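Coordinates in review
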Amino acid sequence: MATRNIGLSLGADLCWPAAYEALVSKLDLAIPVDGEEVRFDVERVTVEPFGLRYKPKYDVVLDRVTHWHPTSREWIKKITLMDGVYVLNNPWSIQSVEKHTSYCAMMRLGMPIPETWMIPPKNPRGDTWIVSKSDVEATVARSHKFFDLSAVGRAVGYPAFIKPYDGGGWVGVKRVTDTASLLKAYDESGDRVHHLQAAVNDWDVFVRGIGVGPQVNLVRYDPDQPLHGRYRVDFNFLDGDDWVKAQRITRVINAFFNWDFNSCEMLRSNGELHPIDFANACPDSQVTSLHYHFPTLVKMKVRWSLFCAATRRPMRLNMDWQRFFDVQDPDATFDENLLAYDALAQEHFDTDRFEAFCAEHLGDFDTLAIEYFSSDAFYDVVEAKVRSLYPPHEIRQFTDHFFGMVQFWCHTERDRLGLNPPKEVAPAPEAPAAE
Ligand SMILES: Nc1ncnc2c1ncn2[C@@H]1O[C@H](COP(=O)(O)OP(=O)(O)O)[C@@H](O)[C@H]1O
Ligand SMILES: [Mg+2]
């Protein structure tokens, strides 16, 4: 018998790791791989000194902190580079690909990203960039050209968004509607480099494509709601063609950048899906944000990580962008090219093999997940998460709210699987006898 070890590299995460561990334990898998019975063990990773030649025990690591926790990120670089561990996500890609690169690359693939300009920082002498003050002074004096920001505003058009080129979490994002508000926003923008991006106007659907491996869950989103209400519970908000297209866009972006776990924000306007923010590797995974959609995310993580561990999926250390550029046909429509990119993405994620793996080994996963997500044990997990975020007088109310949303998911999931008893249809009342 062999054991595949899965490590969870965590930050403030409480709920998804608990649910993940419970589901893997409930599955209690013993899978034949190359004539050997393979079992799975899950453990939480600790941060501690390590020799660069030490051998880690893990086959797969699910990580949530690479983008801000340097020790974990450098540990992940070592174990992927030297020891063949498979990690979600690729640490070099996370470190080097900001929003800016993601826009450039997807523009080159023909995606309808809104018009976007980069603007040098208002304060190039700020702390962010300074290596040597005299170098900065010389560079600014010799190379920075005075520019007319209002001309950039006119080129981009209004309304527009000024936002950090490497942003996240809505920090420093401002909507501007004319020259005056653009100048004011720029004056306040400090030493960070920003983009000015044309707003997608009159959008009717905001959708987030949450991808884990080849799986993509589309969720309607409302940025105007408070944090716990932004992910909407809605069905059929895109028709079949747009649904497939939004999934393809998400999968292509993730395969292109070697992101196994990422979310892609798209706005639909005039029938076109415009991706606006898709460098979100390691997106929010908390039940307090995802509520109804939380079980689907945890299930996607379980399926993909078990597949990667069982099959010892080799980690793609390098990005290979040229393959995507090579299949681009300048005479084809974007939809046709997207199909070709998606074929590469499916190949990258080994979709056929993954689906065969799930069909063969995870047959009872859906019912088992319903059992878990409707249990008292899961209620306690939700409560622990709520307790960590909410004031004492709101703990009960929000625990019941988020758990209740997940119970609604259990109900729709039972419907989907045909497990709910058929609805009793009350007989139509007899028509009163005519007088
Ligand atoms: N081009 C745009 N058109 C319309 N809304 C936008 C645009 N860019 C940003 N926004 C709004 O601003 C929010 C934050 O911008 P975003 O690019 O997602 O930055 P962050 O990386 O900080 O999340 C988006 O969720 C959206 O509501
Ligand atoms: Mg965003």
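Refer to the structure presented above.
The structure reproduced in this document is the subject of the present report. Computed from a predicted structure; not experimentally measured. (Residues numbered from 1 in each chain as written. Chains lettered and ligands numbered in written order. Predicted model: local features only at pLDDT ≥ 70, side-chain atom pairs only at ≥ 80, totals over all residues.)

**Remarks on the overall build of the chain**
We apply this condition: Each helix is a run of DSSP H or I of at least 4 residues and each strand a run of E of at least 2, with the numbering of both proceeding from the N terminus. Throughout, the radius of gyration refers to the C-alpha atoms, and the reference size of a globule is 2.2 Å times the residue count to the power 0.38. Burial in this document is a count-based property: other C-beta atoms within 10 Å of a residue's C-beta are tallied, and the residue is buried at 20 or more, exposed at 12 or fewer, or partly exposed in between, with C-beta positions derived from the backbone. We call two residues in contact when their backbone-placed C-beta atoms lie within 7 Å.
Tallying secondary structure elements over the chain gives 16 helices and 13 strands in all. For the chain, the C-alpha radius of gyration of 24 Å lies close to 22 Å, the compact-globule estimate for 435 residues. Overall, the C-alpha framework of the chain stretches about 85 × 80 × 55 Å when taken along its three principal axes. Put simply, the chain has 435 residues, and 36% of those count as buried. Considering only contacts in the chain between residues 6 or more positions apart, those separated by 24 or more positions represent 72%.

**As for the sheet that holds strand 5 (residues 86-88)**
Selection rule: Two strands are counted as paired when DSSP detects at least two bridges linking them. For helices, the axis comes from a line fit to the C-alpha atoms of the stretch in contact; other axes are also lines fit to C-alpha atoms, and the angle between any two N-to-C directions lies between 0 and 180 degrees.
Strand order in the open sheet formed by 5 strands is 2-3-1-4-5, and the pairing between neighbours is mixed. With partners counted over all chains shown, the strands left at the sheet margins are strand 2 (31-33) and strand 5, one partner each. Along the sheet, successive strands turn relative to each other by an average axial angle of 30 degrees, direction set aside. Pairing analysis gives 7 bridges linking strand 1 (residues 2-9) to strand 3 (residues 36-44), with the strands arranged parallel. The partner of Ala 2 across the bridge, within strand 3, is Val 38.

**Things to note about the pairing of strand 7 (residues 160-164)**
Counting buried positions along strand 7 gives 4 out of 5 residues, so the element sits mostly inside the fold. Of the pairings in the sheet, the one linking strand 7 to strand 8 (residues 174-176) comprises 3 bridges and is antiparallel in character. Across the sheet, the residue bridging to Ala 160 is Val 176, located in strand 8.

**Considering the packing of helix 1 (residues 15-27) against helix 15 (residues 376-389)**
How we decide: Angle categories: roughly parallel below 35 degrees, roughly antiparallel above 145, roughly perpendicular from 65 to 115, and oblique for all the rest. Helix crossings are classified by the rotation of the near helix relative to the far one: an anticlockwise turn of less than a right angle makes the crossing left-handed, while a clockwise turn makes it right-handed. Think of it as three bins: nonpolar holds Ala, Val, Leu, Ile, Met, Phe, Trp, Tyr, Cys and Pro, charged holds Asp, Glu, Lys and Arg, and polar takes everything else, Gly as well.
Their axes nearest at 9 Å, the elements helix 1 and helix 15 cross at an angle of 160 degrees. On the basis of the axis angle, helix 1 is roughly antiparallel to helix 15. Both helix 1 and helix 15 take part in a crossing whose hand is right-handed. On helix 15, the residues touching Cys 15, Ala 18, Ala 19 and Ala 22 of helix 1 are Ala 377, Phe 378, Val 381, Val 382 and Lys 385. Counted by class, the contact of helix 1 with helix 15 contains 8 nonpolar, no polar and 1 charged residues.

**Quick notes on the site of ligand 1**
Basically, it comes down to this: Think of it this way: take the backbone, place a C-beta atom on it, and check whether that atom is within 6 Å of the molecule or strand, in which case the residue is near it. For each domain, the first and last residues come from an automatic or database assignment.
In the vicinity of ligand 1 lie 17 residues, with Phe 161, Ala 199, Val 200, Pro 223 and Asp 277 positioned nearest. Elements with a contribution of two residues or more to the shell around ligand 1: strand 7, strand 12 (261-269) and strand 13 (272-277). A per-class count over the shell around ligand 1 returns 10 nonpolar, 4 polar and 3 charged. Counting only domains with at least three residues in the shell around ligand 1, you end up with domain 1 (1-114 + 200-420) and domain 2 (115-198).

**Focus on helix 12 (residues 334-348)**
Basically, it comes down to this: A helix is expected to span 1.5 Å multiplied by its residue count minus one. Working note: the arc is built from the helix axis to C-beta atom directions.
Its 15 residues place the ends of helix 12 20 Å apart at the C-alpha level, agreeing with the 21 Å of an ideal helix rising 1.5 Å per residue. By the burial criterion, the buried members of helix 12 are Asn 337, Leu 338, Tyr 341, Asp 342, Ala 345 and His 348. Along helix 12, the residues classed as buried sweep out an arc of 140 degrees about the axis, all on the same side. Close packing links the buried residues of helix 12 with helix 8 (240-256) and helix 11 (322-326). Directly beyond the C-terminal end of helix 12, a positive phi value near 55 degrees is found at Asp 350.

**Section: the nonpolar core**
What counts here: In plain words, the nonpolar core is the set of buried Ala, Val, Leu, Ile, Met, Phe, Trp, Tyr and Cys residues that C-beta atoms within 7 Å link up.
Counting residues in each nonpolar core, the largest one holds 98 residues, and the members touching the most others are Ala 19 and Ile 249. Looking at which element gives the most residues to this core, the answer is helix 10 (residues 294-310), with 10 residues. Inspection of this core shows a minimum of three residues originating in each of domain 1 (1-114 + 200-420) and domain 2 (115-198). Setting aside residues no more than four positions away along its own chain, Ile 249 makes contact with Met 111, Gly 209, Cys 264, Met 266, Leu 273, Pro 275 and Leu 338.

**Re the pairing of strand 4 (residues 60-63)**
Rules: Handedness of a crossover: with both strands directed away from the viewer, a clockwise path from the first strand across the helix to the second marks it as right-handed.
Residues Val 60 and Leu 62 of strand 4 are buried on one face, and the alternating residues Val 61 and Asp 63, pointing to the opposite face, are buried as well. Here strand 1 runs beside strand 4; their pairing, made up of 4 bridges, is parallel. Counterpart to Ile 6 in the pairing with strand 4 is Val 60. Summarising the sheet, strand 4 and strand 5 pair through 3 bridges and their orientation is parallel. Residue pairing in the sheet places Val 61 in a bridge with Val 87 of strand 5. The β-α-β motif built from strand 4, the intervening helix 2 (residues 70-83) and the parallel element strand 5 has right-handed crossover chirality.

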